[in-house]
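The lines below spell out each chain.
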Amino acid sequence: MTAPSALPGPHAFNLDLGGRTALVTGAASGIGRACALRLAAAGAKVRAVDRDAEGLETLAERTHGLAGAVEPHVLDLTDLDAAEQAAAGTDVLVNNAGLQLVRPLEEFPPDVFHTVLTVMLEAPFRLIRGALPHMYGQGWGRIVNVSSVHGLRASAFKSAYVAAKHGLEGLSKTAALEGAPHGVTSNCVNPAYVRTALVEKQLADQARTHGIPRERVLTEIMLRDSAVKRLIEPEEVAEAVAYLCGPQAAFMTGTSLALDGGWTAH
């Protein structure tokens, strides 16, 4: 695998979210953690939502010196009523939490399929539903849905994940159409494979499903369709999320921002 190129500085552009409240799901690690730190650096008070209490504590320890603050909020998103309540009063909502299982359709456990769609599609709906009254009331809001290249393209053996991400794309566009008269934007960011624990777990799952050694999964499966032969870093995704929250993106709504190394250029 080609080594990652040098990333931009921690604040590639100025963003002022002082006085704003942001909620980030799946904030204990990976993309969610990077988003929580980026928005806190911009001055937001961040509600960091995750079921991983220990991971949230580690996140909170990294916020010293940031302009904003991070408030850990332990929550299992399968508790949909609690998810909706947690979003009340939110100015910026980042729907990021996700899970993955790689199995052929005929072997895919129905209970896991249900859980994936609950966490990755129904919970975002409930979070948006909980956030909109406040956003509409003040005439401003930003919804950023961390989708995936799999929200734009399908892959075999990922029925639940692909279905959830395709559904999230439609939900995001509907929120954009309804929110526009109220000053609320809704967009997706669509990364390819990101250097996260979720992807690390997929290496073993893919190796077993495809019957190839783990070391071949990255080059032959994950990066096969990408022109840029590396994993994307969580901080790169967080920078795109931050961009969509700034005034320069006020006219961007209902769209999907691909961070896929050229995957969808095929």
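Residues numbered from 1 in each chain as written. Predicted model: local features only at pLDDT ≥ 70, side-chain atom pairs only at ≥ 80, totals over all residues. Heavy atoms only, no water.

Re the nonpolar core
Rules: Buried Ala, Val, Leu, Ile, Met, Phe, Trp, Tyr and Cys residues that are joined via side-chain atoms within 4.5 Å together make up what is termed a nonpolar core. Summary of the burial criterion: residues with accessible area below 20% of their type's maximum are buried, those above 50% are exposed, and those between are partly exposed, where the area comes from a 1.4 Å probe applied to protein chains only. Every helix listed is a DSSP run of H or I at least four residues long, and every strand listed is a run of E at least two residues long, numbered separately from the N terminus. Here, two residues are considered to be in contact whenever any of their heavy atoms come within 4.5 Å of each other.
Formed by 37 residues in total, the largest nonpolar core has its most connected members in Leu 39, Val 46, Leu 59, Val 94 and Val 189. Sorting the residues of this core by element identifies strand 1 (21-25), helix 1 (30-41), strand 2 (45-50), helix 2 (53-61), strand 4 (92-95), strand 5 (141-146) and helix 8 (234-245) as the ones contributing at least two each. Not counting chain neighbours up to four residues away, the residues in contact with Leu 59 comprise Ala 27, Arg 33, Ala 36, Leu 37, Ala 48 and Val 70. If you look at the next biggest cluster of nonpolar residues, it comprises 29 residues, including Leu 80, Leu 93, Met 120 and Ala 160.

Here's the deal with a negative patch on the surface
Rule in force here: The patches described consist of residues with a relative accessible area above 30% and no salt bridge, like charges being joined within 9 Å and nonpolar side chains (Val, Leu, Ile, Met, Phe, Trp, Tyr) within 5 Å. Areas reported here follow the Shrake-Rupley algorithm with a probe of radius 1.4 Å; residue values treat only the protein chains shown as occluding. Should a side-chain nitrogen of Lys or Arg be within 4 Å of a carboxyl oxygen of Asp or Glu, the pair is scored as a salt bridge. Within this scheme the basic residues Lys and Arg register as positive and the acidic residues Asp and Glu register as negative, but His and the chain ends are omitted. Note that the charge is assigned to NZ on lysines, CZ on arginines, CG on aspartates and CD on glutamates.
Together, Asp 52, Glu 54, Glu 57 and Glu 61 give the surface a local cluster of negative charge. By secondary structure assignment, the location of Asp 52 is in the loop between strand 2 and helix 2.

Observations concerning the packing of aromatic side chains
Put simply, the test is: Within 6.5 Å between ring centres, the rings of Phe, Tyr and Trp (the latter by its six-membered ring) count as paired, and their orientation is classed by plane angle as stacked under 30 degrees, edge-to-face over 60, tilted in between. A ring has a charge above it when a Lys NZ or an Arg CZ is no more than 6 Å from the ring centre and no more than 35 degrees off the ring normal.
This model, assessed by the stated rule, comprises two aromatic pairs. Across the ring face of Trp 140, the terminal group of Arg 20 is positioned such that the distance to the ring centre comes to 3.8 Å.

Things to note about the layout of surface pockets
Our working rule: A cavity, in this analysis, means grid points on a 1 Å lattice covering only the protein atoms where a 1.4 Å probe fits yet has no way out; a pocket is instead an open set bounded by protein on both sides within 12 Å along at least five of seven lines, and a residue lines either one if it has an atom within 4 Å of a point. Grid points are joined across faces, edges and corners, and a volume is the space filled by probe spheres set on the points. Throughout this entry, Asp, Glu, Lys and Arg are counted as charged residues, while Ala, Val, Leu, Ile, Met, Phe, Trp, Tyr, Cys and Pro are counted as nonpolar. The remaining residues, Gly among them, count as polar.
In this structure, the largest pocket spans a volume of roughly 800 Å³. Around the largest pocket, the lining is made up of 39 residues, and of these Asn 96, Ala 97, Gly 98, Leu 99 and Leu 198 lie nearest the centre. Those elements giving two or more residues to the lining of the largest pocket turn out to be helix 1, strand 2, helix 4 (110-138), helix 5 (159-179) and helix 6 (197-210). Ranked by residue count, the leading element in the lining of the largest pocket is helix 6, at four residues. Its residues assigned to classes, the lining of the largest pocket shows 19 nonpolar, 14 polar and six charged.

Brief notes about the packing of helix 4 against helix 5
Threshold: Axis angles are defined between N-to-C directions and span 0 to 180 degrees, where every axis is a line fitted to C-alpha atoms and, for a helix, only to the segment in contact. In these notes the angle categories are as follows: under 35 degrees is roughly parallel, over 145 is roughly antiparallel, 65 to 115 is roughly perpendicular, and the rest is oblique. Less than a right angle of anticlockwise turn of the near helix away from the far helix marks a crossing as left-handed, whereas a clockwise turn marks it as right-handed.
Direction vectors running N to C along helix 4 and helix 5 enclose 15°, while the axes themselves pass 8 Å from each other. Taken together, helix 4 and helix 5 sit at an angle that is classed as roughly parallel. Our pair here, helix 4 against helix 5, has a crossing hand that is right-handed. Contacts between helix 4 and helix 5 involve Phe 113, Val 116, Leu 117, Met 120, Leu 121, Pro 124, Phe 125, Ile 128 and Tyr 136 from the first element and Ser 159, Ala 160, Tyr 161, Ala 163, Ala 164, Lys 165, Gly 167, Leu 168, Leu 171, Glu 178 and Gly 179 from the second.

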